[in-house]
Amino acid sequence: MKCLVVFLYFGAFLPCFYLECKAFSYDGFSQHVQYSGRKSENILFIDKFHHHRSKRNADSNAPSCKVNNCTYVKVNHKYYVSHTYISGQRFWRNIEENPKSKVHPVLSQTFLKKSTLKLSFIFPYYGHYLDSVVLTTGGFLYMDVYNTSLLTDVQYLAPLMAYFSPDHHPDSKVITLDDGLQLTVQWSKVYLRNRTHDGHFTFQCTLHKNGTIWFAYKEIPVNVSSIPDVRYHPVRVGISDAFVRYYRHLGRPGIIYRVFHIYSQVNITKNSVVNGSAVVFHPQTSCVNATSCTECMKRKQTTEFDCQWCPQTKRCSDKTDRNRAEWDLNGCSQNAVNQPSDERCVAGTEQEKQQQKSKGGLGAKTPKGGVGAGAIVGICIVLLLIIGMAAWCVYAYRNPTTKSGLFLIDATRRPRELFHRSADGASKAAPSDVKPQVL
């Protein structure tokens, strides 16, 4: 009897448990604080995360502005330098009136939803080149392709991550504008699902082709610091990135742990998010996009990164980027080049110079894709001479009494006389040999 009562009790409250699970998941993936799982081809992926490096907050670094009413703060976060402007209206883009802007109805009429957006340009994020981003209703972008429930904890770009619900009001919209050089995503007049009385929020982020990021805020009705974290959906302002490593369960081969190692998390002060403010992130030179050993070693000397070159993968890394799994798989840590004097780096540099020299020599002898400048000048001169001769002939023909006309007549008559002489013999006098007699 007791078992029956417990079963009925659990059955009565099961919908509530399900709704809570569903309420804090994007696209149906259940959200947990430290792990989440999904099945694929009889393999269970268990997602976890931990911080590979310490967080970098705008508060914990020494800003360039140290007065009480500070209108500008500059902070170096190693991968990015952030600039916070209290009066940052110039960073706001008016995309609602642009005919090329796009309203996303799937995101504007629901909540806890995500949608992939293909970019018209390649966007460098932490030095990694992305051709798409994931839009969400929660005021942030997910910056990777993993189908995980840890969206709010790992690789995100968040102008204002919170539990927003665009379906609360018909005027709430998620708008984008991609002009080929920059993408702007705007959350317009969105409400907090659990605090609708706070009013609506309007803010946006802009991703530039050169890697610069803008956060701009138009309508922030309350102090962002007063917005409480909802379970499984925190309130964040900033950017974050992580690399992924896989671990198999020793006792159960069908289980794979997918661990997100957060190597950079930049948290912007929530008190700086007010009406008209803006935050700008300028990317800094790092190891990941160096394309040669020489360039890699140069970045080791000129930046605060401990760059190393892997000859097997031909990649430069400080072992904390998205290529970490490839780095470990090829044993790069044991064979990495750490000094520019390493013979492998010197040999690679000499080989690159020889390749560039050979390419330059071939280019000088047999230029591709066109004609040389000297040939073009010669052709132009010949064309001018032909046009000039044709114009002179037309003038001389139409004006036979001028010197040019007489010269043209004489020049055209002499070949005929020469022809008649050769045909009739030298005994016959040519008309040009007969001199007029004065009577």
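Residues numbered from 1 in each chain as written. Predicted model: local features only at pLDDT ≥ 70, side-chain atom pairs only at ≥ 80, totals over all residues. Heavy atoms only, no water.

Naming follows an unreviewed UniProt entry, where the protein appears as Plexin domain-containing protein 2 of Porites lobata. In UniProt, the protein has this text filed under Subcellular location (unreviewed entry): "Membrane". (UniProt positions renumbered as here; feature names shortened; annotations may be inferred.)

S.K.: Describe the sheet that holds strand β5 (residues 80-85), with residues and values.
M.R.: Ordered in space as β4-β5-β17-β14-β13-β12-β11-β6, the eight strands form an open sheet in which the pairing is antiparallel. Of all strands in the sheet, those bounded by a partner on one side alone are β4 (72-76) and β6 (102-103). Of the strand pairs in this sheet, β5 and strand β17 (residues 278-283) are connected by six bridges, and their pairing is antiparallel. Bridge assignment links His-83 to a residue of β17, and that residue is Val-280. (Pairing = 2+ DSSP bridges. Helix = DSSP H or I, 4+ residues; strand = E, 2+ residues; numbered from the N terminus.)

S.K.: Can you lay out the packing of aromatic side chains for me, pointing to particular residues and giving the numbers?
M.R.: Applying the stated criterion to the full structure yields 18 aromatic pairs. Three or more aromatic residues joined by ring pairs form one cluster here, namely Tyr-79, Tyr-80, Phe-123, Tyr-125, Tyr-126, Phe-215, Phe-243, Tyr-263, Phe-281 and Phe-305. Residue placement shows Arg-90 over the ring face of Tyr-85; its charged tip is 4.9 Å from the ring centre. Cation over ring: Arg-193 sits above Phe-111, and NZ or CZ is 3.7 Å from the ring centre. (Phe/Tyr/Trp six-rings, centres within 6.5 Å; stacked < 30°, edge-to-face > 60°. Lys NZ or Arg CZ within 6 Å of the ring centre and 35° of its normal.)

S.K.: Which residues make up the environment of Lys-209, and what values go with them?
M.R.: Inspection of the secondary structure puts Lys-209 in the loop between β13 (201-208) and β14 (213-219). Distance in space between the C-alpha atoms of Lys-209 and Phe-121 is 6.7 Å, their sequence separation being 88 residues. Excluding its chain neighbours within four sequence positions, the residues that come into contact with Lys-209 are Phe-121, Ile-122, Pro-124, Gly-180 and Leu-181. (Contact = heavy atoms within 4.5 Å.)

S.K.: Can you tell me about a nonpolar patch on the surface, naming the residues and giving the values?
M.R.: A surface patch of nonpolar side chains, about 480 Å² in accessible area, is lined by Ile-379, Val-382, Leu-383, Ile-386 and Ile-387. Mapped onto the elements, Ile-386 comes out in helix α7 (residues 373-398). (Patch = residues over 30% accessible without salt bridge, like charges linked within 9 Å, V, L, I, M, F, W, Y side chains within 5 Å. Areas by Shrake-Rupley, 256 points an atom, 1.4 Å probe, with all protein chains shown as cover. Salt bridge = Lys/Arg side-chain N within 4 Å of Asp/Glu carboxyl O.)

S.K.: Help me get a handle on helix α3 (residues 293-302), residues and values and all.
M.R.: One full turn of an α-helix is made of 3.6 residues, so residues set three or four places apart face in the same direction. Every buried residue of α3 is listed here: Cys-293, Cys-296, Met-297 and Arg-299. Considered in projection along α3, the buried side chains sweep an arc of 155° and stay on one side of the axis. Among the exposed residues of α3, those oriented more than 90 degrees off its buried face are Lys-298, Gln-301 and Thr-302. (Buried < 20%, exposed > 50% of the residue type's maximum accessible area, 1.4 Å probe, protein only. Arc of directions from axis to C-beta.)

S.K.: How would you explain the pairing of strand β7 (residues 114-125) if you had to name every residue and give the values?
M.R.: When β7 meets strand β8 (residues 128-136), the two strands line up antiparallel, connected through eight bridges. Within β8, the position partnered with Leu-117 by the bridge is Val-133. Between the end of β7 and the start of β8, which pair antiparallel, lie two residues, with Tyr-126 showing a positive phi angle near 55°.

S.K.: So what about the nonpolar core? Which residues, and what values?
M.R.: Ranked by internal contacts, the top residues of the largest apolar core, which has 56 residues, are Tyr-125, Leu-157, Leu-160 and Phe-201. Looking at this core, the element that brings in the most residues is β7, giving five residues. Look past the residues within four positions of Tyr-125 in its chain and what remains in contact with it is Tyr-80, Leu-130, Met-143, Tyr-156, Leu-157, Ile-213, Ile-239, Ser-240, Asp-241 and Arg-322. With 18 residues, the next largest nonpolar core counts Phe-49, Val-154, Val-230 and Val-244 among its residues. (Core = buried A, V, L, I, M, F, W, Y, C linked by side-chain atoms within 4.5 Å.)

S.K.: So what's going on with the state of the cysteines? Which residues, and what values?
M.R.: This model, assessed by the stated rule, comprises four disulfides. Paired by a disulfide, Cys-296 and Cys-316 hold their sulfur atoms 2.1 Å apart. Taking the torsion about the sulfur-sulfur bond, which here is approximately 75°, the covalent link between Cys-296 and Cys-316 counts as right-handed. Here Cys-296, found in helix α3, pairs with Cys-316, found in strand β19 (residues 315-317); they are 20 residues apart in sequence, far enough to count as distant. (Disulfide = S-S within 2.5 Å.)

S.K.: Tell me about the pairing of strand β10 (residues 156-161), and please be specific about residues and values.
M.R.: Extensive coverage of β10 is indicated by the burial of six of its six residues. With three bridges joining them, β10 and strand β15 (residues 236-248) adopt antiparallel strand pairing. Looking at β15, one finds that Ala-158 is bridged to Gly-238.

S.K.: Lay out the environment of Asn-267 with the relevant residues and their values.
M.R.: Inspection of the secondary structure puts Asn-267 in strand β16 (residues 255-267). Judged by its relative accessible area of 19%, Asn-267 is buried. Sequence-wise, Asn-267 and Ser-240 are 27 residues apart; in three dimensions their C-alpha atoms are separated by 8.5 Å.

S.K.: Summarise unusual backbone geometry; cite the residues concerned and give the values.
M.R.: A negative phi holds for most residues other than glycine; trans holds for most peptide bonds. Despite not being glycine, Leu-112 shows a phi value in the positive range, around 50°. Inspection of the secondary structure assignment puts Leu-112 in the loop between α2 (105-108) and β7. The class for Leu-112 is buried, based on a relative accessible area of 5%. Residues other than glycine seldom take positive phi values, yet Lys-319 does so here, at roughly 70°. Tracing the backbone through its elements, the reader meets Lys-319 in the loop between β19 and α4 (324-329). Judged by relative accessible area, which is 29%, Lys-319 ranks as partly exposed.

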